[in-house]
Structures are given as structure tokens and as C-alpha cells.
Amino acid sequence: MNKNHRVPSNRTLNAVEVKSKFGAEFRRFSLERSKPGRFDEFYGLLQHVHRIPNVDLLVGYADVHGDLLPINNDDNYHKAISMAAPLLRLFLQRKEEADYSAFGTDTVTRKKTPAALAAVLLRPDANKKKPPIIISLPKDFRPVSSIIDVDILPETHRRVRLYKHGQEKPLGFYIRDGSSVRVTPQGLEKVPGIFISRMVPGGLAESTGLLAVNDEVLEVNGIEVSGKSLDQVTDMMIANSHNLIITVKPANQRNNVVRNSGGGATSGSSGRSSDSSTSFYGYSTPGLMAMTPSHIIQNYEPDEESEEEEDLVIEADRGAKLVLQAGARATASTSMPALPRYEPHLDLRTSNGTMASSASAGSLNAHRGLEGRSLEEDGTVITL
Amino acid sequence: MMKFRFRRQGNDPHREKIKQDLFAFNKTVEHGFPNQPSALAYDPKLQLMAIGTKSGAIKIYGAPGVEMTGLHKDTAAVTQIHFLYGQGRILSLLDDNTIHLWEIVQRENRSHLVEVHSFNLPGRPGIESTSCDLLALGTEGGGVHFLELPTLTLLNKSLFQDEIMQSIPEEYKCGKSLGPVESLQQHPQDSDKILIGYSRGLVVLWDLNSRHVDNLFLGKQQLESLVWERSGNSFVSSHSDGGYMLWAVSSSNPCTHDPISSTIPYGPFPCKAVNKILWRTTESGSPLVLFSGGMPRASYGDRHCLTILQDSSHVTLDFTSRVIDFFTIHCTDKDKEFDDPSALVVLLEEELVVIDLQMAGWPTVPAPYLAPLHSSAITCSCHISNVPPRLWERVISAGQQQCPLQNYEVAELKDPTQKLKTSAFSPQVLCCHEDGTVRFWDASGVSLKPLYKLSTANIFQTDGDHNDSLTQAGEEEWPPFRKVGCFDPYSDDPRLAIQKISVCKYSGKLVVAGTAGQVIVLVLSDEKSDHMIDVATVDLLQDREGFTWKGHDRLPPKSGSVVFAPGFQPVVLVQCMPPAAVTAVTLHAEWNLIAFGTSHGFGLFDYHRRSPVLARCTLHPNDSLAMEGPLSRVKSLKKSLRQSFRRIRKSRVSGKKRVVVNSPTSKVQEANAQLAEHDAEVTPVQRRIEPRSADDSLSGVVRCLCFADTFLRDGTHHGPTMWAGTNSGSVYAYALDVPSQEKFSEQSVEALLGKEIQLMHRAPVVSIAVLDGRGNPLPEPYEVSRDLAKAPDMQGSHSVLIVSEEQFKVFMLPKVSAKTKFKLTAHEGCRVRKVALSNFTSVSSEEYSENALVCLTNLGDIHVFSVPALRPQVRYDCIRKEDISGIASCVFTKTGQGFYLISPSEYERFSLSARVITEPLCRVDVERPHDLSAHRIYTKINRLLKKIKWEN
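Residues numbered from 1 in each chain as written. Chains lettered and ligands numbered in written order. Predicted model: local features only at pLDDT ≥ 70, side-chain atom pairs only at ≥ 80, totals over all residues. Heavy atoms only, no water.

### A few points about the overall build of chain A
Per the secondary structure count, chain A includes 11 helices and 14 strands. Taking all 384 residues of chain A together, the buried fraction comes to 47%. Of the accessible surface of chain A, which amounts to about 20300 Å², a share of 55% is contributed by carbon and sulfur atoms. (Helix = DSSP H or I, 4+ residues; strand = E, 2+ residues; numbered from the N terminus. Buried < 20%, exposed > 50% of the residue type's maximum accessible area, 1.4 Å probe, protein only. Areas by Shrake-Rupley, 256 points an atom, 1.4 Å probe, with all protein chains shown as cover.)

Have a look at this one:
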């Protein structure tokens, strides 16, 4: 604990000079650069020096580029300390009246100087009516669905990606055979097609709002369904169910993504790209995409590979200890009652067996439930 | 740059050439007995037999190996076939009133059967009869038409009933018509005369040239068939009352009222009709009478019988299926005085039976082909390639002791063809049957030859044990029935049915596993033996609570010792508890281990020490369905009722459509039908899209098991392993501690769980195979120690190929990290049904070969993938996707061939390899005379060439 209260600034390289500002008040103190301590201690210190012990604070600092960056954990606190050259300028705000928009890298361009930056902070009421709803940052969310490839698909089509992985929610939809009318050189022609026939209430498909009953299914993960039977399409969808991408022609064409009609955008021909707000994937330049529609399917591949669910591998022999701990509830024994001659190996096989019984389908599930996310994502081989 | 980007893997011309040299798809031969035969014909000159089927196929059989097939364009039943003797031409009459003329033609150095003409008949034909240049057709209306052959042109000399009526005495006419023409028989000596039999009983001898009635025979009994006596001085008629009559033909008396003799062999009580009769004279004395039917209606009306009569000898052949037709093989030389029949050939609905008529007692002769594969329903099949000669000989000798062959050669088969050489390594097919038998067939040639039959029923106590007493009672019985034929569709006990089989061809060990959880280890022995079988029970549930088995009981084994004939003799019986059907079995003879799996779990058993090594339950805790046995999984009554109503409605709609004619009422009907159809569309078939969950029913079913010597625990020490895959995508790998050969008796085998892999897509695991450092599959046990295969690469890193119903994946060992994969279902929408690793040798170079993964999907198409890169190579359509039993029965061989059932009784053989093809390359050389006189036909069989390409 290296807190020096009201110590006049000494210019040794070892110390970090801190100028902390809360409202109109300034406090100055210094910290030892090599031993900054933890964020919560620092936070307590700030409350102490400003004598505002019960006020929730949002701590920000101005970095070398003049950006206002938050300090809210050990990492960015240490970063701030190490980057201080040597003065560390802090700006404290009450959390309830905090202006989140002040943070970010954009502040470089908008507010050239720390002074200007401070001016904004000092007069928060000037450009803000009421505190916004506090929402978490995007990284805290798991995507559930997205509309993708808007720029390369005809406006009448919609490519929807459903992220099933790690979800307990059912995918929740049914498909059926049907027929749709196509325009051909010979005139209108009735062709067989696959349609969404039912949505399960509360299912993933329904909750996205991107799929609806009677939408015609055109592609499954980049593969056209025309000419395929209902059972084939069912199998394809189930096989892709962890990361299902369906291209549909919505029955209701009124909610289509509206394009910037500058270039009179016809499907896939214009160079203009206008992603919908939920579109996550703009892998390649629109120009290339437009020229190579047959190649588009390939776009899924690298992405799919990385997000691909990995098979779960359990190393049984080294896992015995952990399983024994966790598996106190596992009662099944593998020793075969009818085979007394195997008693000598019982201890060996019990560990094994406990493993076996607890790690059988049931507990595999449990493991998946508990640790599944990390497993599925980074695909490490788990060693129990 | 763009070009480079878009050039796809498959378009490399060099690779394309290699692929062409390796892969080619051909459907080559149909093995077995034609399904639903409907007609039979025989050509004594060419010694060819033809069989027509209800599906419109004509198959020609000569010497073993000589086979030809023709298929009519329309799938109408073939009702009659006739050879134009010696010409290599066949006439077929179909159900749809068409006559087709087929010719045997030579093309590409082999014979084919080709349709050359067809003729649409004006009326409904009753019967046809041919001489070589003239075809006579009797109709149901009673007329007889004549067609010129081989052009099939109608001649303007049809004979109608009016013409006959004029010469009939008044008292016989009674104002009635003569009825349909039942039989037309050409005079054996004078080809211008033809015997016409009418349904009412009148028989007329008609002279074609002078167009007048030679003789009238005023029969009073409804006629069924006619046959000439060889000399032409008399003929025999058979009748619907079960009797037959012998008539004399004399030129002096143009109108015969009464036959010489009239007999009802099975009278005096009412009998069924005699459908067909043959009358054959013999040098030794009285003629031989052969007829089908005629049984006493009340007592034996349901039997399928054929009677052979000669003097006091009388045999009633009692068949298990309907008699389609029959013929005798007899002397056709015009100069000889007697028929002297040598053999009787009977075509039954399910088999072909040959009777030796020269031996006393008329014994049955095993036919060299057309053996009924389906004598009991086929439940599984297995192909063994490269059978070592030693095992081959022992199996054959065991088979010969089973049925000692007397006089194997029948006249019919004495063809100047070279015998099939048994190559040093012969392939075998094993068929496993519902009655617990395993039949061994020689599949090296075009026709499957039975080798040996193994029954597993005798080690169990079953209800069918008392049949000894039945055969005793037959002494005084009338009629003198004799059971003939081996087609036996009735199984004593369905639990005996064999589900899975595994063979070690080097040690002569066999494991068969059945429906009641029985796993039997058999060892080939040349000596008769009388011993007890060791019985062990393995509990696969492992004290799992809350489950009750509601299925069948296990089969009680016989107590005490049992006598076993030379051949495969059971040594150990392992019974799984609960006794669910065995779903996977494998054998490792070098380690003395068998592994088996059911819907509940899997077990490992050391059959040398007769002791279980391991049992593992694979059930998911929530899965209660698996426990209830095979009968509980029925649809709800409501649902099935609804479906069947829907089906009825649909069939009505389509029925209406067929009869639609343009009339006002029909238009209303049409509109209604359309409405009904629309109605059917309101409730369409839906499919739920949901990933597989862990607790799907039957998730614990063990789908595949395999043994391998590989690296499971670390990368430096390899050792025995056992792998098991389940229906829910779980793979269990066990490291085995197998004692060395000398210590087998003292030390026990140990199994330690090494790895568990849960495939995330949870699709059923269809196959597991370990690949060596070079990516080749590991050799079979003993192959390396006996120098029969190259030793696997044990230096490099091994990998394991796991095939699920949805994707193929190769994992590196021992880390089990994914290396390559192919997601078949995600790409193609089809699912894996059968897979095998096959070796393909290039046609252009024997040196070059590749291993490939062959895969049959639920859509009936075959995909070939490279191993271990898993790149798609070729794709062929093979089986119709509706043919579920065909897809389920498919078996691949190690050299890129395959078999599947096209009917319950026939295997279709196909080849994926460009090099290894087994196909009939037979040749029947026929010289057709330009002069169409019936008496001057020169025919000879020059060469019957049969070639089998067989490379390894």
C-alpha cells in the first residue's frame, strides 16, 4: 500500500504525478510507478482524497493522444499509470450524470486539446438533457441472429444467420414442400420449393423476427435447395444447425432492407454496399463480391471454421482425480458383479469407471453446460 | 489471378485421368433367383433355359456362368416364353397383349439378348404355339391366328370357330360355343398339322395346308392342357376335374367320341384341375406321366404339388411355393423312338428344382445356379475377399460332407464349357438368415454357388425341436408326398435371426451375433465333435437403475453336450443382458477378443479364457425407450389411423384420374379430384428443424466397434485398442493390455478407458477405422505376422477416421485433434448409410493403387472420397432412394465391388473399380439359317466363353 497524501510533486522517475478533477475541485497526489496497486484501492483513494466516500464515480483519464479513456479495472488502471508522462490527468464524474459519449478514440478528432475535453466535462448539462440508459458494450453480448450479405443479394431475398451454439432455446421452426411461381423465358412457371411452415413460440427463429411462416427457403449455408427433397433440406439444416445460414425470400416483402438508391441498385450489380445495421460480415470489398457471386459461398468458410463447434475429447486416464472430486455423486461402478476375478483391477477401473459413468452422455452435457462456451469457442482439448 | 482462384480441385486434368483409371461404375451381374418368375422355356438344341418374370425381365441360363438378361420396355408380366428351337430367338407374350421377339446377338465379343420385333395383338390371346417359321395364337374368343416368323406379320389364314363348327356333329354342338382356345400343339412328326384344344373339351387336329379338320375328339370334360405322344399316334389331355385322358389318333376315324383311357389319379373325391401334363415314353417300358395339380380339393387343395407316375411308382412332389411351369430334358433326336427323359426341371415361385428321372426313386439334384438365396429371409450379409486356399478347401470339404453330391452333372449342364477355375484367393459371400443359419457362397463367378451351411439353432432349446416325429409318420400316407425344395419362409423362432457377423479368415474363426443378444464364437474344425459349449452372460446395464426390459427373453442354451458335424463348431456362447439384438460385433483372433454391442452398451470378451473383460453401458440417463424392447415403438393409434385415411383418400383420387373420359360427369369428378388434392395440400408434410439432442431415443445404440494396434495414450507407445461408436455421436476408445501369446492362459486382458470423443453434431457413428502413418488402413489380424500384407507404418503419426451419418472426420492420434473433414450432409443433404475403405488399382498400371472411402447414402448414390484427405472423387447413382431394403442390404468389398438385394432373392453386383469387374462375358454362337424350314436349322455352340477379370 503506497499511498502518499498531499505529497508535493517530486520529479523522480519513480513517481507518477496525479491531478484529479471532480467537478470544479482539483486534487494532486502521486503514486509509485512500479507499485501501482489494484484498481479498487485506487478508487477508494480517489473517493478519500476528494472526500466523497459515497459517490459512485466514473473515472477517466486523458492519454498521450488526448483521448478520454475510462479507468474501471486493473488492466486499464495499470495501463494509465504506465503511460503517464509523467502527469496523469484524471476526470471524475458522478456515475448517474456521466456522459458516455465523451469516451472513445473519436475524442481525438473532436477535441484537440485536453482543455477542450475538460471543458465538455466541466459543463455536462450544456449538451445533454437526461442520462441515457446504460447498456453494456457489444462484447458482452452473444449474437443470436444477423442479416448478412445484404449488398450482394437481390432486395427480395434475405440471408439470415442463426447462432444456435450454446443456446438452450430451440431453433424452433418447421419446413414443408410447396410451390412457387418463377419467371422464365417461357413465361410464368410453377416450380416446387421449400417453405417455412410453422414457428415454435419462444424459439430462436421466432425471436429473431427475421423469419416467418411461408417464407421460401432458397439456400442453406450457401447451397441452393432447388431440386432437393424436403428430407434432404431437413438433413442439411440439421447438419448445419450450430451455425445455420438460410437465404429466404420473405413472404412479406414490405420489410426489406432499403438500399441507398443512388446507383439504381439492382441486385448484386452495383458497387454500392449498404449493410443493414445488424450485418456483421463485410468480408470483402463490394466490388469483388459483385463480380464473383459464385465465390460468395466461400466467404462463410474461414469464418465458419473458426466458429465451428469442436468435438469434445476427454482424456480419461488423466482425468480420474478431478472426476473423483466432482463425481462423488456418481454411483455406478463398472466392476462386473458376475466377474469376481477382476477384483484385483478394481481400483484401477473404478477411477476409470467413475469417469466412465459420470462422463457418459449425462455429465458430458453437464460439462458442456458449465464450461461449454469456452470449449466450443476456442476448441481446446480439455483435460479434466 | 482470378483464373487461379476459381480453378477447382477436381479440374486438374492429370488427376482426372488418374480418376478415370481408378473408378468406373458398372452394374454387372444379378446373383440369385429371379423375383416372381412367371414363365419358363427350354431349348433342347442350344441347351438354354429362359425364365420370364412379373416385372418384365427375361433371363437366359446356359451352362453355369452363361447368363443373359433382357428387360421389356413396359413392366408387364411375362406370361409365356417360347424358344424358336435352335435359332437363339425367343418369343415372349406379356400381360399387356404384346408379343416380343428377342434374339441372342454378339456384340463386343459377348452375347446379348436384344429385342428385335414386337407385335400388338388384336384380341386377348389364350395360348401360343410355335414352329420355327410359324406362330399360332389361340385367343379367348376361340379363334386361332397365324403369324409369320421372325417378322411377326399376321398371315391371312386365321381360323375361326365357325369353320370348325361346320364339321362338328349336331348332338355335340348344343348351340354353345367351344370356348377359348386352351392349347395348341404341333404334330411331332408332321409340322403342317396342329392340335387345337378348346376349353369346352373339344380337340381338333387341323391341317394347315389343306385347311380342313383331320380328326375330331369330342371331349366332354373342361380342358386344361394337351400333350402329344412322341409318335404322333396318340395324345393326352388334362382336365379341370383332376383327370387326364389318353386319345388315339387314327386316320380311319375322323370323329373320336371316347378316349382310350381316362383316369383321375387322386379321385374319387373332387379334385383340383390338372394344369399341365407331360407324357414321356421310355425304352424300359411304360410311359412316364408328369402333371401339376390334380390334388383332392378338400384335403390337399392348398398344396403345391407335381406328380410323377410310372407303372406302380408314384411320387407326389410337395413344394413350398407355387408351381409356375416345368419341362423335361429328354431325347429330341427325331430318329430315336423314345423320349427317355433324363431330368425334370420345375420352376417354382421361389426356387428351381431339378429331379433326376433316370435314377431310381427320382432324387433331387442340386441345381448349379439359381440357388434360392432367400430360403430363409436374409438378415445380413458379409463379403470376404481373398480367402486363403486352406480355409477355402476346408469350408468346401465341410460343405460336401453336409450334402454328398451324387451325379452332380445333369444333361442340361453338359456343355462344352471350361470349368471355372478357382483362383487362389476366392471371394465369398456370407448370408445370414432369419432362421439362425449362415450360408457360404462362392461369389467368384457370375453365379453364386452354395458352399456350406452353418446352423446356430442347434445349440438352443427352441420350439421347433420336435419335427423328427413328423417325418416318421409318412409311411402309409396317401398321396405319397415327398417334401422337395429348400425354400422355407417360416422361421422357428425370430430370436435365432443373425444380425451381425465377423470373420477371421486366417484362423478360421467366426463370430455370429443374433436378435436375442447371443454372440457365438465358432472355430472351423475338420473333425466331428461332441462337446459342451461354454456359456457366459454379460450384463450391459451395469446396475443402471430405473430400467426394465420389456422385450423378448434370451434364448435358453441346451444343457449337456451337443454333436457338431465338421465345419464351424461353436465354442463359446456369450449372452448379453438385457437380450436386445446385437447391433455391432467384431473379432480379433490374434488377441483372442471379441467385442459386441447392443442398444444398451458394449462388452469385451476374452474367448480364450472364457472371461468377460469389460462391459460398458452407453444409455443416456433420460433414455427410457431403449429399455422397452423392440415392440413398444409403435406410432400412436390416432396418428396411424389418420395417416391411413389420408392414404386412402389419395389413392382414390389417383384412381379416379385414370378412368377419366371426356364426359360431363367425368369433368365433375375431375374437379372433385382436384379439390380433394387441394385439400390434401392444406395439411402438408412438415419437417422439424432442430439439432439432435443428447436424449434422443436410442442414443445408446452401439453402431460400430473396431480393434486396432495404435497410439492412444502417447505418441511413442502403440498398443492394442478397442473403439466403439454410438448412435448419439459418442466414441469410446479403450487401451487394452493384451498378454503375449505364451501368457494367454495365465494373464487376463485388461481394458482401460483412454479417450471419449463426443461429436458435436451428435449424428450416429457409422464406422471407425484407424489409419497408419502413410494414411493406409491397418491390416487385418495375422496379415502381417503371416506375411500377407505390408506392415503398417508404426513410426509416423496414426490417425483415426470416424464416419458419422453426417460427416467424415480424420483425427490425429494420440491427441485426437481434427485434421481433415468432409461434411456430407451439410453439402449434399444426404446421409451416410454404408461405408467401407476399399483399395482401387489403376487399369493402366498394376503398381498404382489408392485407398478410398466408399460411401452409400440414404438417397442410394455412391460417393468415393480420397483417404485421408477426404476429397470427393466421384459420385454414382446406384440404388433407387425408395428401395430402402436395397440400401440397407448393401455390402462393399475390399476391392471396390459391392452387392445389394434387388429383391428378397436376388443380389445385384456392382463394381466401382475400373479394374476389378466381375461380369458375365459369355457367348452363345448361333447360326441362323436363311432358309426358314423347321427341319434344317444348323446350330452349334461354338464357344461358351466366360471371363472374369480378377485382380488383387
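Read on for the rest.
### Some points on the overall build of chain B
Each helix and strand in chain B was counted, giving 11 helices and 62 strands. Within chain B, the fraction of its 952 residues that count as buried is 57%. Pairs at least 24 apart in sequence give 58% of the contacts found in chain B among residues at least 6 apart. Accessible surface for chain B amounts to roughly 40800 Å². Of this, 50% is attributable to carbon and sulfur atoms. (Contact = heavy atoms within 4.5 Å.)

### Some details on the sheet that holds strand β9 (residues 110-120) of chain B
Residues and elements named next belong to chain B. In spatial order, the strands read β6-β7-β8-β9; together these four strands make up an open sheet with antiparallel pairing. In this open sheet, the two strands that pair with only one neighbour each are β6 (78-84) and β9. On average, each strand axis in the sheet is inclined to that of its neighbour by 25°, with strand direction left out of account. (Pairing = 2+ DSSP bridges. Axes fitted to C-alpha atoms, helices over the stretch in contact; angles between N-to-C directions.)

### Some details on the UniProt feature "domain: Lethal giant larvae homologue" (unreviewed entry) in chain B
When the UniProt feature table is mapped onto this chain, "domain: Lethal giant larvae homologue" (unreviewed entry) is found at residues 263-363 of chain B. In this annotation, residues 263-363 of chain B is assigned 4% helix and 50% strand; the end-to-end C-alpha distance for the span is 26 Å. (UniProt positions renumbered as here; feature names shortened; annotations may be inferred.)

### Considering a nonpolar patch on the surface
Residues and elements named next belong to chain A. Nonpolar side chains collect at one region of the surface, where Val 181, Val 183 and Leu 188 lie side by side and expose about 350 Å² of accessible area between them. By the element assignment, Leu 188 lies in strand β10 (residues 187-199). Among the residues examined, Leu 188 registers a relative accessible area of 66% and is labelled exposed. (Patch = residues over 30% accessible without salt bridge, like charges linked within 9 Å, V, L, I, M, F, W, Y side chains within 5 Å. Salt bridge = Lys/Arg side-chain N within 4 Å of Asp/Glu carboxyl O.)

### Remarks on the environment of Ala 136 of chain B
Locating Ala 136 of chain B in the fold gives a position in strand β11 (residues 134-139). For the pair formed by Ala 136 of chain B and Ile 194 of chain B, sequence separation is 58 residues and the distance between their alpha carbons is 9.1 Å.

### Here we look at the pattern of salt bridges
A side chain of one charge can pair with a side chain of the opposite charge if their charged atoms are brought near each other. Residues and elements named next belong to chain B. Applying the stated criterion to the full structure yields 40 salt bridges over all chains. Glu 805 is paired through a salt bridge with Arg 703; the nearest N and O atoms lie 3.6 Å apart. Here Glu 805 is found in the loop between β53 (799-804) and β54 (807-812), whereas its partner Arg 703 is found in strand β48 (residues 702-710), with 102 residues between them in sequence. Here Arg 880 ties to Glu 882 by a salt bridge, and the two come within 3.7 Å at their closest N and O atoms. The class of Arg 880 is exposed, set by a relative accessible area of 54%.

### A short note on the nonpolar core
Residues and elements named next belong to chain B. Counting residues in hydrophobic clusters, the biggest one holds 34 residues, and the most contacted among them are Leu 306, Ile 308, Leu 317, Phe 319, Leu 344 and Ile 355. Elements with a contribution of two residues or more to this core: β20 (244-248), β23 (274-282), β24 (285-293), β25 (304-310), β26 (313-319), β27 (323-329), β28 (343-348) and β29 (352-356). Beyond its immediate stretch of four places on either side in the chain, Leu 344 contacts Leu 290, Leu 306, Ile 308, Leu 317, Phe 326, Phe 327, Thr 328, Val 353, Val 354, Ile 355 and Leu 357. Grouped together as the second largest cluster of nonpolar side chains are 31 residues, Val 387, Leu 391, Leu 454 and Ile 520 included. (Core = buried A, V, L, I, M, F, W, Y, C linked by side-chain atoms within 4.5 Å.)

### Topic: helix α6 (residues 230-239) of chain A
Residues separated by three or four positions in an α-helix point in the same direction, a consequence of the helix having 3.6 residues per turn. Extensive coverage of α6 of chain A is indicated by the burial of nine of its 10 residues. Listed in full, the buried residues belonging to α6 of chain A are Leu 230, Gln 232, Val 233, Thr 234, Asp 235, Met 236, Met 237, Ile 238 and Ala 239 of chain A.

### Some points on the UniProt feature "domain: PB1" (unreviewed entry) in chain A
When the UniProt feature table is mapped to this numbering, "domain: PB1" (unreviewed entry) covers residues 15-95 of chain A. In residues 15-95 of chain A, the share of helix is 27% and the share of strand is 42%. The end C-alpha atoms are 29 Å apart.

### Considerations on the UniProt feature "domain: Lethal giant larvae (Lgl)-like C-terminal" (unreviewed entry) in chain B
Taken from the UniProt record, the annotation "domain: Lethal giant larvae (Lgl)-like C-terminal" (unreviewed entry) applies to residues 714-912 of chain B. Secondary structure across residues 714-912 of chain B comprises 5% helix and 49% strand; the distance between its end C-alpha atoms is 38 Å.

### Some thoughts on helix α2 (residues 74-83) of chain A
All names here are of chain A. Taken as a whole, α2 has its buried residues at Asn 76, Tyr 77, Ala 80 and Ile 81. Down the axis of α2, the buried set is contained in an arc of 140°. They therefore lie on one face. Taken together, the buried residues of α2 touch β2 (15-22), β3 (25-32), α1 (39-50), β4 (57-62), β5 (68-71) and β6 (87-94). (Arc of directions from axis to C-beta.)

### Points about the packing of aromatic side chains
The way to describe two aromatic rings as a pair is by their centre distance and the angle between their planes. For the structure shown, the criterion picks out 25 aromatic pairs over all chains. Summarising the aromatic geometry, the rings of Phe 42 of chain A and Tyr 77 of chain A are spaced 4.4 Å apart at their centres and angled 25° between planes, so their arrangement reads as stacked. Of this pair, Phe 42 of chain A sits in helix α1 while Tyr 77 of chain A sits in helix α2; the two residues are 35 residues apart in sequence, bridging distant segments of the chain. Like Tyr 77 of chain A, Phe 42 of chain A is buried. An aromatic cluster of three or more residues is present, and its members are Phe 25, Tyr 876, Phe 892, Tyr 900 and Phe 910 of chain B. Sitting over the ring of Tyr 174 of chain A, Arg 198 of chain A keeps its end group 4.3 Å from the ring centre. The side chain of Arg 786 of chain B reaches across the aromatic face of Tyr 782 of chain B, ending 4.5 Å from its centre. (Phe/Tyr/Trp six-rings, centres within 6.5 Å; stacked < 30°, edge-to-face > 60°. Lys NZ or Arg CZ within 6 Å of the ring centre and 35° of its normal.)

### Digging into the state of the cysteines
Residue and element names in this part refer to chain B. Within this structure, the stated rule accounts for zero disulfides over all chains. Looking at Cys 706, it has no disulfide partner, and the nearest cysteine sulfur is the one in Cys 704, 7.2 Å off. Classification of Cys 706 as buried rests on a relative accessible area of 11%. (Disulfide = S-S within 2.5 Å.)

### Regarding the sheet that holds strand β50 (residues 730-737) of chain B
Across the sheet, five strands lie side by side as β14(A)-β51(B)-β50(B)-β49(B)-β48(B); this open sheet has antiparallel pairing. Each edge of the open sheet carries a strand with a single partner, namely β14 (312-315) of chain A together with β48 of chain B. Ignoring strand direction, the axes of neighbouring strands in this sheet form an average angle of 20°.

### With respect to the confidence of the model for chain A
Residues and elements named next belong to chain A. Overall, the prediction assigns chain A a mean pLDDT of 65, with 52% of residues at 70 or greater. With pLDDT under 50 throughout, residues 261-307 is counted as low confidence; its partners more than four residues away or in other chains account for 74 contacts. This model gives residues 318-384 a pLDDT under 50, and the stretch forms 106 contacts once residues within four places in sequence are excluded. (pLDDT = per-residue confidence, 0-100.)

### Examining the confidence of the model for chain B
All names here are of chain B. Across chain B, pLDDT averages 81, with 83% of residues at or above 70. Looking at the elements of chain B, mean pLDDT is at its lowest for helix α1 (residues 2-6), recorded as 41, and at its highest for strand β44 (residues 593-597), recorded as 96. Considering only residues more than four positions removed or in separate chains, one finds that residues 930-952, a stretch of pLDDT under 50, has 67 contacts. Both scores are given for the predicted complex: the pTM is 0.73, the ipTM 0.77.

### Things to note about the pairing of strand β16 (residues 202-207) of chain B
All names here are of chain B. Judged by how many residues are buried, β16 sits mostly within the fold: six of six residues are covered. Side chains Leu 202, Val 204 and Trp 206 project from β16 onto one buried face, and the interleaved Val 203, Leu 205 and Asp 207 project onto a second face that is buried too. Examined bridge by bridge, strand β15 (residues 193-198) and β16 share five bridges and lie antiparallel to one another. If you follow Leu 195 over to β16, its bridge partner there is Leu 205. Here six bridges tie β16 to strand β17 (residues 212-218), and the two strands are oriented antiparallel to one another. Across the sheet, Leu 202 pairs through a bridge with Leu 218, a residue of β17.

### Remarks on the environment of Pro 480 of chain B
All names here are of chain B. Within the secondary structure layout, Pro 480 lies in the loop between α7 (468-472) and β35 (481-483). Taking the C-alpha atoms as reference points, Pro 480 and Thr 316, 164 residues apart in sequence, are found 5.5 Å from one another. Setting aside residues no more than four positions away along its own chain, Pro 480 makes contact with His 314, Val 315 and Thr 316.

### Things to note about the environment of Glu 805 of chain B
All names here are of chain B. Accessibility expressed as a relative area gives 8% for Glu 805, which makes it buried. For Glu 805 and Ala 763, which are 42 residues apart along the polypeptide, the C-alpha to C-alpha distance reads 5.7 Å. Beyond its immediate stretch of four places on either side in the chain, Glu 805 contacts Arg 703, Ala 763, Pro 764, Val 766, Thr 825, Arg 831, Val 832 and Arg 833.

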